[in-house]
Amino acid sequence: MKKVFLAVGLVAAVAFTSCKDNASDKVKGENVEMAATRDADATVFPTMEFEESAYDFGNIARGTAVEHVFKFKNTGKAPLVIVDATSTCGCTVPSYPKEPIQPGETGELLVKYNGSGLNAVTKIVTVKSNTEKGSETVKITAFVQSAEGPAVNG
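Read on for a plain summary of the structure. (Residues numbered from 1 in each chain as written. Predicted model: local features only at pLDDT ≥ 70, side-chain atom pairs only at ≥ 80, totals over all residues. Heavy atoms only, no water.)

Attention now moves to unusual backbone geometry. Despite not being glycine, asparagine 119 has its phi angle at roughly 65 degrees, a positive value. Counting through the fold element by element, asparagine 119 comes out in strand β7 (residues 119-129). (Helix = DSSP H or I, 4+ residues; strand = E, 2+ residues; numbered from the N terminus.)

Below you can see the structure in the form of structure tokens.
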């Protein structure tokens with residue numbers, strides 16, 4: 001038992017006395033600069049600004065397919081990457097650009113609606129991206145009339 005305590009004590013003494021070097025002397029200046037730049041860049045985000053966040057198709061006949069293009073601009077300071085765009089149901093299908101949108105550039109989100117449902121209809125499209133918020137939404141509305149009723153496309 002004495003030998004175990006002696007061995008542990010000897011190992012501890014060596015461990016404490018061998019750490020005499022100053023750790024800050026081992027830090028490379030260029031690594032500190034790279035880390036500072038990386039941390040500063042981590043606070044720079046793209047910003048997705050839509051020209052309009054909602055569109056009303058007006059009165060449409062049931063089963064009439066309609067579509068609308070939502071235009072947006074990246075007003076941020078980093079490339080905008082859209083990861084996904086989803087709607088509240090399968091009757092609304094969004095299409096989005098797959099390539100990054102550079103700062104100052106514009107893009108288009110195409111939303112197709114198949115005219116299902118009846119009466120007042122509202123569908124929300126959620127666009128997931130690398131913006132600070134992580135997602136943006138746009139909305140389409142329509143008043144869907146039965147096929148027998150009069151319809152005015154809008």
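With that settled, the discussion passes to the nonpolar core. Counting residues in each nonpolar core, the largest one holds 23 residues, and the members touching the most others are Phe50, Phe72, Leu109, Tyr113 and Val127. Put simply, the parts of the chain that give this core at least two residues each are β1 (48-50), β2 (54-61), β3 (66-74), β4 (82-87), β6 (106-113), β7 and β8 (135-145). Non-local contacts of phenylalanine 50, meaning those with residues more than four positions away in its chain, are made with Phe70, Lys71, Phe72, Leu109, Val127, Glu136 and Val138. (Core = buried A, V, L, I, M, F, W, Y, C linked by side-chain atoms within 4.5 Å. Buried < 20%, exposed > 50% of the residue type's maximum accessible area, 1.4 Å probe, protein only. Contact = heavy atoms within 4.5 Å.)

Under the counting rule described, the total for this entry stands at 1 disulfide. There is a disulfide in this structure between cysteine 89 and cysteine 91, and the S-S distance comes to 2.3 Å. (Disulfide = S-S within 2.5 Å.)

As a further point, take the sheet that holds β3. Taken together, 4 strands build an open sheet; the order of strands is β1-β3-β6-β5 and the sheet is antiparallel. At either margin of the open sheet sits one strand with a lone partner, and together these are β1 and β5 (92-95). The average angle at which neighbouring strand axes cross in this sheet is 30 degrees, direction not considered. The sheet contact formed by β1 and β3 spans 3 bridges and is antiparallel. Considered in β3, the bridge of glutamate 49 is made with lysine 73. (Pairing = 2+ DSSP bridges. Axes fitted to C-alpha atoms, helices over the stretch in contact; angles between N-to-C directions.)

These results come straight from atomic positions and should not be treated as a statement about function.
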